[in-house]
Amino acid sequence: MSIYDTLNNKQREAVQQVDGPLLLLAGAGSGKTKTIVYRICYLMEHECVQPYNILAITFTNKAAGEMKERVANLVGVGSPVWVSTFHSLCVRILRRHIELLGYDPGFTIYDADDQKSLMKNIIKRLDIDTKMFKEKTLLGAISNAKEKLVDVNEYELSVRGDRYRGVCARAYREYQDTLVKNCAVDFDDLIFLCVKLFKEHPEVLDMYQERFKFIMVDEYQDTNYAQFELVRLLADRYRNLCVVGDDDQSIYAFRGADIRNILNFEVHYPEAKVIKLEQNYRSTGNILNAANGVIANNETRKDKALWTDREDGKKIRFSRLDSAYDEADFVVEDILRTKRENGLNYSDFAILYRTNAQSRVFEEMFVRDGVPYNLVAGTAFYDRQEIRDMMAYLKAVANPNDEISLRRIINVPKRGIGQASLSKVEDYAELHDISLFEAFKNAGDIMGLGKTAAKILQFSFFMERLRGLSEMVGVDELLKTLIDECEYEEYLKENFEDKYEDKIQNVYELVAKAQQYSENEEPSLLGFLEDVSLVSGSDSDEYGEDRVTLLTVHSAKGLEFKNVYLCGMEEGIFPGNMTIDSDEPDGMEEERRLAYVAITRAMDRLVITCAKSRQIRGQSNFFPVSRFVREIPEEYLESKLPRGYRDSAEEFVKQDLRKKVSFVKSVPPTAPFIAKQTRDLNMLMGIKKGGDIKAKPDYNVGDRVKHIKFGVGTVLDIVDDERDYKITVDFDSVGNKVVYAAFAKLQKV
DNA sequence: TTTTACTTCGTTTTT
DNA sequence: CGAAGTAAAA
């Protein structure tokens, strides 16, 4: 009896298929990780592959850690197989060779927050119109470019007179120049620069191709073009590349993941073997069938169907409540009852929702009823202000060129160095072509600083001292000295009256983490910073306690729970209005995959809820039931959906609008349409909590205006209707339409 | 320089 | 409705 006997036929086939490219399509809950782990072991045991010739790439540290542990358990402790995330793999390679690209090997990694600050500075420096361009947009454009391996020069060439993209190009150049000056790289750079390194220095690539004779990539459906290219280069010599993924679980396209990487794998590698893992070991038949029913509505997908030999189990419970409040109440009650009746733990339950904002109501209820819960939230440990402050100090100590971190801490705690003084120092630095920190050291020579010069000097001495210290002591000691000498605790006490205790505690938690890190074989400040930068908040291990888990569907990927509550299943929330309004269908398919991921998290029981009306941004709106609920075949539901699944208010909405809005006639009342009409009616009837004042349009009869769907047209008439201004527009493309000002949001052109 | 009052603007986010 | 960011006052 060998360990491989515990695999099913398909899994075993995948494990033993070691030569050449292999596409492993692994459905949800099909034993994917087990298969990868066993395959690694099989390579070593049966194919005599040296562990250091194997590379396994994952997306999260959590997945990497789990894989490492399971391999170690199978073959004995500490195997030298490289199991790492894309990003940490690239950092390791870049630390060794980045000098070839003209960077300092002690580079800092900028996270999303650093990027934002940097972009803000650039917008100011380049005097970019903040009405037209927000840092988020520009960073998005840059990130997009880097994900597609488009460098600054290529980007500039591609602009071709487009004014909008021209601004992006200017921002991209300035952004990249500043990164180099600051000795810093962003997340996208890690991949981008690694590919660049391989392309420009074949001798380096050669070395890694020889080293990584067998490569495996997990969650392949989430790779972007840069990652695809990185893998392609590394695997190009031996072509022993095994990619594992599920196109139906691709939910990160909005971040650049390119589903075509997995869909076209056989095109890139014609000799590839394809193995499908379709047996699901997680969910009951009803849950699985429901998921299959929903995902079947997607056009662009690999043909496959999950099956299970588990029992049918409980049917899916669907309940539509009046409000978000009632929904939360219902869910909490249902959890408590189910837990009691079946002798379950709190940790057997999870609440899934589309957006983080939806967690609040549930939290309130849990607090009210004293139910222990764990919120997998956006604001993770390392995103906390006080932690970011400390990290900025450490970053600035490690890399004096890191302006972003320096600016963050120059006046934290308050030293009386404000914007005005900082600007003077910046001008001086620019004039003399020196770094910000060098300028700090020359503060005495800068005109007009007055008394602040001494303060700046003092700060620079302090940083120098920490820098010296960092070479003598561990990160934990360094942190303690830092906290002590800049009187950070006192600063927190003075500035955050009721929250300072938490913050101080967090700071000492960081010290504890630093202590823990210092026990590594080769601790270094750089290493600690790296560890922190590349670890996301959501995979910090806060498990152990018996709690209900609250999380977004995105962060639920890869997890499973006995009981899943999928909440807020409303047309307009999930799928969101953004997706419904968009006219390209890819977004809706991704949204549907997200629904599929959500459903397949459930092992034994799935409860779906939604609210008829919920407050969005302070105003209450009606919502129809999500199309994804309606796509579940009724036989898997506990009870049939109410006929028409629309309540009278919505029926009214529909009829009312048929009379009022002319274009209603020609369009069949599909779900997204009704969602739209619902929103429209909310506007009309003024179903708003807050003071509802209709805004007078900023255009007049005769003006040219732009509509999001209909394009440009001329305003023919403006009528001051009861609730809103009724606008008649002659659109160039579709002719006369009557629209409501608040809803149509016409832009004067 | 720092505090305060007022506007603006809102998905999802593995690293 | 709130967070977060900006403009005027202390």
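Residues numbered from 1 in each chain as written. Chains lettered and ligands numbered in written order. Predicted model: local features only at pLDDT ≥ 70, side-chain atom pairs only at ≥ 80, totals over all residues. Heavy atoms only, no water.

1. As for a positive patch on the surface
Right, on to step 1. A contiguous patch of positive charge, built from Lys 116, Lys 120, Lys 124, Lys 134 and Lys 136, is present on the exposed surface.
Right, on to step 2. The element that contributes the greatest number of residues to the positive patch is helix α5 (residues 112-125), accounting for 3 residues.
Right, on to step 3. By the secondary structure assignment, Lys 136 is in helix α6 (residues 135-147).
Right, on to step 4. For Lys 136, a relative accessible area of 72% puts it in the exposed group. (Patch = residues over 30% accessible without salt bridge, like charges linked within 9 Å, V, L, I, M, F, W, Y side chains within 5 Å. Areas by Shrake-Rupley, 256 points an atom, 1.4 Å probe, with all protein chains shown as cover. Salt bridge = Lys/Arg side-chain N within 4 Å of Asp/Glu carboxyl O. Lys, Arg positive; Asp, Glu negative; His and termini not counted. Charge placed at Lys NZ, Arg CZ, Asp CG, Glu CD. Helix = DSSP H or I, 4+ residues; strand = E, 2+ residues; numbered from the N terminus. Buried < 20%, exposed > 50% of the residue type's maximum accessible area, 1.4 Å probe, protein only.)

2. Considerations on the protein's contact with DNA strand C
Right, on to step 1. In the vicinity of DNA strand C, the contacting residues are Lys 120, Arg 360, Arg 617 and Gly 618.
Right, on to step 2. Here, DNA strand C places atoms within 4 Å of the protein, and 36% of those atoms are sugar or phosphate.
Right, on to step 3. Residue composition of the surface near DNA strand C, grouped by class: no nonpolar, 1 polar and 3 charged. (Near = heavy atom within 4 Å. Nonpolar A, V, L, I, M, F, W, Y, C, P; charged D, E, K, R; others polar.)

3. Remarks on the side chain of Asp 248
Right, on to step 1. Note on placement: Asp 248 falls in the loop between β7 (241-245) and α12 (260-263).
Right, on to step 2. A polar atom in the side chain of Asp 248 sits 2.7 Å from the side chain of Arg 301.
Right, on to step 3. At 2.9 Å, the side chain of Asp 248 and the side chain of Lys 304 are in polar contact. (Polar contact = N/O pair within 3.5 Å; in protein donor to acceptor, adjacent residues only side chain to side chain.)

4. Comments concerning the packing of α6 against helix α9 (residues 187-200)
Right, on to step 1. Look at α6 against α9: their axes get within 9 Å of each other, and the N-to-C directions meet at 25°. Judged on the interaxial angle alone, α9 and α6 are roughly parallel. Seen along the crossing, α6 lies across α9 with a hand that is left-handed. On the side of α6, the interface is formed by Ser 143, Lys 146 and Glu 147, while α9 contributes Asp 188, Asp 189 and Phe 192.
Right, on to step 2. Class assignment for the residues of the contact of α6 with α9 results in 1 nonpolar, 1 polar and 4 charged. (Axes fitted to C-alpha atoms, helices over the stretch in contact; angles between N-to-C directions. Parallel < 35°, antiparallel > 145°, perpendicular 65-115°, else oblique. Left-handed = near helix turned anticlockwise from the far one by under 90°. Contact = heavy atoms within 4.5 Å.)

5. Brief notes about the packing of helix α7 (residues 152-159) against helix α8 (residues 163-181)
Axis angle and axis distance: for two packed helices, these are the angle between their axes and the distance between the axes, and together they describe the pair.
Right, on to step 1. Contact pair α7 / α8: the axes reach a minimum separation of 9 Å and the direction vectors enclose 170°. Here α8 runs roughly antiparallel to α7, going by the angle between their axes. Here the hand of the crossing between α7 and α8 comes out left-handed. Here Val 152, Asn 153, Tyr 155, Glu 156, Ser 158 and Val 159 of α7 come into contact with α8, specifically with Arg 165, Gly 166, Cys 168, Ala 169, Tyr 172, Arg 173 and Gln 176.
Right, on to step 2. Looking at the contact of α7 with α8, its residues break down into 6 nonpolar, 4 polar and 3 charged.

6. Some details on the packing of aromatic side chains
The relative placement of two aromatic rings is captured by the distance of their centres and the angle of their planes.
Right, on to step 1. This model, assessed by the stated rule, comprises 20 aromatic pairs.
Right, on to step 2. When the centroid spacing of 5.7 Å and the interplanar angle of 75° are considered together, the rings of Phe 574 and Phe 628 count as edge-to-face. Highlighted residues: Phe 574 in the loop between β13 (561-566) and α27 (577-581) and Phe 628 in helix α29 (residues 627-630), separated in sequence by 54 residues.
Right, on to step 3. Through successive ring pairs, a cluster of aromatic residues spans Trp 82, Phe 198, Tyr 208 and Phe 212.
Right, on to step 4. Across from the ring centre of Tyr 38, 5.5 Å away, lies the NZ or CZ of Lys 34, which sits over that ring.
Right, on to step 5. The ring of Trp 82 has Arg 211 lying over it, and the distance from NZ or CZ to the ring centre is 5.0 Å. (Phe/Tyr/Trp six-rings, centres within 6.5 Å; stacked < 30°, edge-to-face > 60°. Lys NZ or Arg CZ within 6 Å of the ring centre and 35° of its normal.)

7. Description of the nonpolar core
Right, on to step 1. Tyr 393 and Phe 440 are the most contacted members of the largest nonpolar core, which has 52 residues in total.
Right, on to step 2. Residue contacts for Phe 440: discarding those within four places in its chain leaves Leu 406, Ile 410, Leu 422, Val 425, Ile 456, Leu 457, Phe 459 and Ser 460.
Right, on to step 3. Of all hydrophobic cores here, the second largest spans 49 residues; its members include Trp 82, Cys 194, Phe 198 and Ile 262. (Core = buried A, V, L, I, M, F, W, Y, C linked by side-chain atoms within 4.5 Å.)

8. A look at the sheet that holds strand β8 (residues 273-277)
Right, on to step 1. Judged by pairing direction, the sheet is parallel, and its 6 strands sit side by side in the order β3-β2-β6-β7-β1-β8 without closing on themselves. The open sheet terminates on both sides in strands that have one partner only, identified here as β3 (82-85) and β8. The average angle at which neighbouring strand axes cross in this sheet is 15°, direction not considered.
Right, on to step 2. In terms of strand pairing, strand β2 (residues 54-58) meets β3 through 4 bridges, oriented parallel. Along β3, the bridge assignment pairs Leu 55 with Trp 82.
Right, on to step 3. In this fold helix α4 (residues 86-97) packs onto β2, β3 and β6 (214-217), with an angle of close to 110° to the strand it touches most, β3. (Pairing = 2+ DSSP bridges.)

9. Things to note about the environment of Tyr 596
Right, on to step 1. Mapped onto the fold, Tyr 596 is located in helix α28 (residues 586-599).
Right, on to step 2. Between the C-alpha atom of Tyr 596 and that of Ile 295, which follows or precedes it by 301 residues, the distance is 6.2 Å.
Right, on to step 3. Beyond its immediate sequence surroundings of up to four residues, Tyr 596 is in contact with Asp 246, Asp 248, Gln 249, Ala 291, Ile 295 and Leu 306.

10. As for helix α16 (residues 359-369)
Right, on to step 1. Of all the residues in α16, the buried ones are Ser 359, Val 361, Phe 362, Met 365 and Phe 366. Down the axis of α16, the sector holding all buried residues measures 165°, keeping them to one side. Exposed side of α16, more than 90 degrees from the buried face: Arg 360 and Val 367 are the residues found there.
Right, on to step 2. Tucked inside the fold, the buried residues of α16 contact α15 (324-342), β10 (349-353), β11 (373-375) and β12 (548-552).
Right, on to step 3. Taken from the residues just after α16, Gly 370 is the one with a positive phi, measuring 65°. (Arc of directions from axis to C-beta.)

11. Focus on the pattern of salt bridges
Right, on to step 1. Under the criterion given, the structure shown has 57 salt bridges.
Right, on to step 2. Residue Glu 403 is joined to Arg 407 by a salt bridge in which the shortest nitrogen-to-oxygen separation is 3.7 Å. Residue Glu 403 and its partner Arg 407 are both found in helix α18 (residues 403-409); the two are separated by 4 residues, about one turn of the helix.
Right, on to step 3. Classification of Glu 403 as buried rests on a relative accessible area of 14%.
Right, on to step 4. Note on Arg 407: relative accessible area 22%, which makes it partly exposed.

12. Regarding a negative patch on the surface
Right, on to step 1. Side chains of Asp 484, Glu 487, Glu 490 and Glu 494 sit close together on the surface and give a patch of like negative charge.
Right, on to step 2. Summarising the element assignment, Glu 494 is placed in helix α23 (residues 488-495).

13. With respect to the confidence of the model for chain A
Right, on to step 1. This prediction gives chain A a mean pLDDT of 86; 88% of its residues lie at or above 70.
Right, on to step 2. When the criterion is pLDDT under 50, residues 646-676 qualifies, and its contacts beyond four places in sequence or with other chains add up to 53 contacts.
Right, on to step 3. Here residues 678-694 is modelled with pLDDT under 50, and outside its nearest four sequence neighbours on either side it reaches 47 contacts, counting other chains as well. (pLDDT = per-residue confidence, 0-100.)

14. Points about the side chain of Ser 460
Right, on to step 1. Position of Ser 460 among the secondary structure elements: in helix α21 (residues 452-470).
Right, on to step 2. Of note is the side chain of Ser 460, whose polar atom sits 2.8 Å from the backbone oxygen of Leu 457.
Right, on to step 3. With near-sequence residues (within four places) excluded, Ser 460 lies in contact with Phe 437, Phe 440 and Lys 441.

15. Structural notes on the pairing of β2
Right, on to step 1. Across the 5 residues of β2, 5 count as buried, placing the element largely inside the fold.
Right, on to step 2. Neither face of β2 is left uncovered, since the one carrying Ile 54, Ala 56 and Thr 58 and the one carrying Leu 55 and Ile 57 both have all their residues buried.
Right, on to step 3. Strand direction decides the pairing type here: β2 and β6, joined by 4 bridges, are parallel. Following the sheet pairing, Leu 55 is matched in β6 by Ile 215.

16. Comments concerning the pairing of strand β1 (residues 22-26)
Looking along a regular strand, one sees side chains alternate from face to face of the sheet.
Right, on to step 1. Burial within β1 is extensive, with 5 of its 5 residues counted as buried.
Right, on to step 2. Neither face of β1 is open: one carries Leu 22, Leu 24 and Ala 26, the other Leu 23 and Leu 25, and all of them are buried.
Right, on to step 3. One ladder, built from 5 bridges, connects β1 with β8; its direction is parallel. If you follow Leu 25 over to β8, its bridge partner there is Lys 276.

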